[in-house]
Amino acid sequence: MINEVEHYENIVRCLNEMITNRNIESLQHIRYVQGYTGILATEYAKVYPKSRMTKEKIAWIVEAAGVHDIGKIMMPDILISRVGRLSKAETERMKEHTIKGYEMVKYLFDFREDDFCRICQNVCLYHHEKYDGSGYPRGLKKDRIPIEAQIVSVADMYEVMVHNERNDMLFSKEKVYYMLMNGECGELSPRMRECLESAKEQLEQLRIHM
């Protein structure tokens, strides 16, 4: 008989399948984001041993990373299938996927507030927030952004610029690293920059065979 956390982990895996089956995100994208998330979270625990980044919490953040874009299921097909840049109006509409994802997860988890459910909600809602407050949907600044969302955000940006076939311009891993460190994709917290620096070699070496 499975426990409560395992039950919700199974729900997350079902959501993961929904994302790939609707062709919102490729399975490769999801697996790489999860892989990069695991590396970054593990390094965060090493660099900041007093952060309470336990092995259990790392595992939960990795699970949550798999559904960070689940809200895109609620977006119109024309936006999901678009290759290249969206118009300003389309971009604003697409930003709603963060709120939709949060609402879906909160509903499916029966409005529970245990740690795993909270992590999934935070990742869905806040993974596009920026340390300087320029992100969305809430424009949160600095440490108001949950650390799990900061970690998944870096993993997602790294993957999209290195691998994602929907991106109209891909870069080398070395280039992406310096773009992230220099804030060209939005300012990172000092802690995330230090974590990224520590994880650089592992991120570059990660290979996932589909």
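Look a little higher up for the structure.
Throughout what follows, the structure given in this document is the object of discussion. (Residues numbered from 1 in each chain as written. Predicted model: local features only at pLDDT ≥ 70, side-chain atom pairs only at ≥ 80, totals over all residues. Heavy atoms only, no water.)

## A closer look at the packing of helix α2 (residues 27-47) against helix α3 (residues 55-65)
Argument step 1. Packing of α2 against α3 brings their axes to within 9 Å, and their N-to-C directions diverge by 155°. Considered as vectors, α2 and α3 are oriented roughly antiparallel to each other. Our pair here, α2 against α3, has a crossing hand that is right-handed. Residues Val33, Gln34, Thr37, Gly38, Ala41, Thr42 and Ala45 of α2 lie in contact with α3, whose contacting residues are Ile58, Ile61, Val62, Glu63 and Ala65.
Argument step 2. Class assignment for the residues of the contact of α2 with α3 results in seven nonpolar, four polar and one charged. (Axes fitted to C-alpha atoms, helices over the stretch in contact; angles between N-to-C directions. Helix = DSSP H or I, 4+ residues; strand = E, 2+ residues; numbered from the N terminus. Parallel < 35°, antiparallel > 145°, perpendicular 65-115°, else oblique. Left-handed = near helix turned anticlockwise from the far one by under 90°. Contact = heavy atoms within 4.5 Å. Nonpolar A, V, L, I, M, F, W, Y, C, P; charged D, E, K, R; others polar.)

## Brief notes about empty space enclosed by the protein
Argument step 1. Under the definition given, this model contains one cavity of 30 Å³ or more.
Argument step 2. Considered as a void within the structure, the largest cavity measures approximately 90 Å³ in volume.
Argument step 3. If you go around the largest cavity, you meet 13 residues; those closest to its centre are Glu129, Tyr131, Gln150, Glu187 and Leu188.
Argument step 4. When residues of the lining of the largest cavity are assigned to their parent elements, the largest contribution, five residues, is made by helix α8 (residues 147-162).
Argument step 5. In terms of residue class, the lining of the largest cavity is made up of seven nonpolar, three polar and three charged. (1 Å grid on protein atoms, 1.4 Å probe; cavity = no way out; pocket = protein on both sides within 12 Å on 5 of 7 lines; lining within 4 Å. Points joined across faces, edges and corners; volume = space filled by probe spheres on them.)

## Some remarks on the packing of helix α6 (residues 97-108) against helix α7 (residues 115-126)
For any two helices packed against each other, one specifies the crossing angle of their axes together with the interaxial distance.
Argument step 1. Interhelical geometry of α6 versus α7 gives an angle of 165° and a closest axis separation of 7 Å. By the angle between their axes, α6 is roughly antiparallel relative to α7. At the point where α6 passes α7, the crossing takes the right-handed sense. Across the interface between the two elements, Thr98, Ile99, Gly101, Tyr102, Val105 and Lys106 of α6 pack against Cys120, Gln121, Cys124 and Leu125 of α7.
Argument step 2. When the residues that make up the contact of α6 with α7 are grouped by side-chain class, the tally is six nonpolar, three polar and one charged.

## Points about the nonpolar core
Argument step 1. Leu40, Met53, Ile70, Phe109, Leu180, Leu196 and Leu203 are the most contacted members of the largest nonpolar core, which totals 54 residues.
Argument step 2. Setting aside its immediate chain neighbours within four residues, Leu180 contacts Val154, Met157, Tyr158, Met161, Cys185, Leu188 and Leu196.
Argument step 3. Among the nonpolar cores identified, the runner-up in size contains five residues, and Leu125, Tyr126, Ile145 and Ala149 belong to it. (Core = buried A, V, L, I, M, F, W, Y, C linked by side-chain atoms within 4.5 Å. Buried < 20%, exposed > 50% of the residue type's maximum accessible area, 1.4 Å probe, protein only.)

## A word on the packing of aromatic side chains
The description of two aromatic rings rests on the distance between their centres and on the angle between their planes.
Argument step 1. A complete count under the given rule lists five aromatic pairs for this structure.
Argument step 2. Judged by centre distance (5.6 Å) and plane angle (35°), the rings of Tyr32 and Tyr36 are tilted. Within this pair, Tyr32 and its partner Tyr36 are both found in helix α2, separated by four residues, close to a single helical turn.
Argument step 3. Using a relative accessible area of 0% as the deciding quantity, one classes Tyr36 as buried.
Argument step 4. Put simply, the rings of Tyr32, Tyr36 and Tyr158 touch in pairs and so form one group of aromatic residues.
Argument step 5. Above the ring of Tyr48, the side-chain terminus of Arg191 is found at 4.1 Å from the ring centroid.
Argument step 6. The ring of Tyr177 has Lys200 sitting right over it, with the charged end atom 5.1 Å from the ring centre. (Phe/Tyr/Trp six-rings, centres within 6.5 Å; stacked < 30°, edge-to-face > 60°. Lys NZ or Arg CZ within 6 Å of the ring centre and 35° of its normal.)

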